[in-house]
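Read off the chains here:
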Amino acid sequence: MYGATILVLESMVQEGSSNSICGEVSGYLIVMKSFEFIFILYLMHKIMRITDLLCRALQQKSLYILNVMKLISTTKTLLQTLRDARFDLLLANVQYVYTQYEIDIPHMNTSYKNATVRLC
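Scoring rules and cut-offs
- Residues numbered from 1 in each chain as written.
- Predicted model: local features only at pLDDT ≥ 70, side-chain atom pairs only at ≥ 80, totals over all residues.
- Heavy atoms only, no water.
- Helix = DSSP H or I, 4+ residues; strand = E, 2+ residues; numbered from the N terminus.
- Buried < 20%, exposed > 50% of the residue type's maximum accessible area, 1.4 Å probe, protein only.
- Contact = heavy atoms within 4.5 Å.
- Areas by Shrake-Rupley, 256 points an atom, 1.4 Å probe, with all protein chains shown as cover.
- Polar contact = N/O pair within 3.5 Å; in protein donor to acceptor, adjacent residues only side chain to side chain.
- pLDDT = per-residue confidence, 0-100.
- Expected span 1.5 Å × (residues − 1).
- Bend = angle between axes of the 7 residues up to and from the residue.
- Axes fitted to C-alpha atoms, helices over the stretch in contact; angles between N-to-C directions.
- Parallel < 35°, antiparallel > 145°, perpendicular 65-115°, else oblique.
- Nonpolar A, V, L, I, M, F, W, Y, C, P; charged D, E, K, R; others polar.

Enquirer: For this particular structure, what's the right way to read the overall build of the chain?
Expert: Summing up its helical and strand segments, the chain has five helices and zero strands in all. Overall, the chain shows an N-to-C arrangement of helices and strands of α-α-α-α-α. A buried classification covers 19% of the 120 residues belonging to the chain. Counting contacts in the chain only where the partners sit at least 6 residues apart, residues at least 24 apart contribute 61% of the total. Carbon together with sulfur atoms contributes 60% to the accessible area of the chain, which is approximately 9,900 Å² in total.

Given below as structure tokens:
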């Protein structure tokens, strides 16, 4: 899905039907190819898959309090496991997307400095 969206946006930029649309689409492409966007996309996908099971179960009318407590405990454990053990796997998935679409991978060991950009 991500790749198809990138291809559609790139074709819109190449067609360049109008300057305003071309400028907007170019901005969207820059954001969608950023590390932050791809990382948050994958992270939210993982979190939503875990919490979806709990959400569906809580919507059932016939729930016992012990079952609800067990579901909450299981969801909490899965989220903690994602945080502790699976973060490297998540980062590897993000880096795979970068190599697949030939995007420069940022250096994770360098120091980060947030620069302010002011446009006139």
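Still more ground to cover, so stick around.
Enquirer: Help me out: how do you make sense of the side chain of Thr-75 in this one?
Expert: Structurally, the position occupied by Thr-75 is in helix 4 (residues 65-84). Note on Thr-75: relative accessible area 10%, which makes it buried. At 2.9 Å, the side chain of Thr-75 and the backbone oxygen of Leu-71 are in polar contact. Not counting residues within four places of it along the chain, the set of residues in contact with Thr-75 comprises Ile-50, Thr-51 and Leu-54.

Enquirer: Help me out: how do you make sense of the confidence of the model for the chain in this one?
Expert: Predicted confidence across the chain gives a mean pLDDT of 79, with 82% of residues reaching 70 or more. In the model of the chain, helix 1 (residues 2-15) stands out as the element of lowest mean pLDDT, 69, in contrast to helix 4, which has the highest, 89.

Enquirer: Please explain helix 3 (residues 35-58) as it appears in this structure.
Expert: Each full turn of the α-helix corresponds to 3.6 residues, which orients residues three or four apart in the same direction. In this model helix 3 runs 34 Å from its N-terminal to its C-terminal C-alpha over 24 residues, within 8% of the 34 Å that 1.5 Å per residue would give. Within helix 3, the axis deviates most sharply at Thr-51, by approximately 30 degrees. For helix 3, the set of buried residues is Phe-35, Ile-38, Phe-39, Ile-50, Leu-54 and Ala-57.

Enquirer: Mind showing me how you'd approach the packing of helix 3 against helix 4 here?
Expert: In a pair of packed helices, the angle between the axes and the distance between the axes together describe the arrangement. Where helix 3 meets helix 4, the closest approach of the two axes is 10 Å, and the angle between their N-to-C directions is 180 degrees. Taken as axis vectors, helix 3 and helix 4 run roughly antiparallel relative to one another. Contacts between helix 3 and helix 4 pair Lys-46, Ile-47, Ile-50, Thr-51, Leu-54, Ala-57 and Leu-58 from the former with Val-68, Leu-71, Ile-72, Thr-75, Leu-78, Leu-79 and Leu-82 from the latter. For the contact of helix 3 with helix 4, the residue count by class is eleven nonpolar, two polar and one charged.

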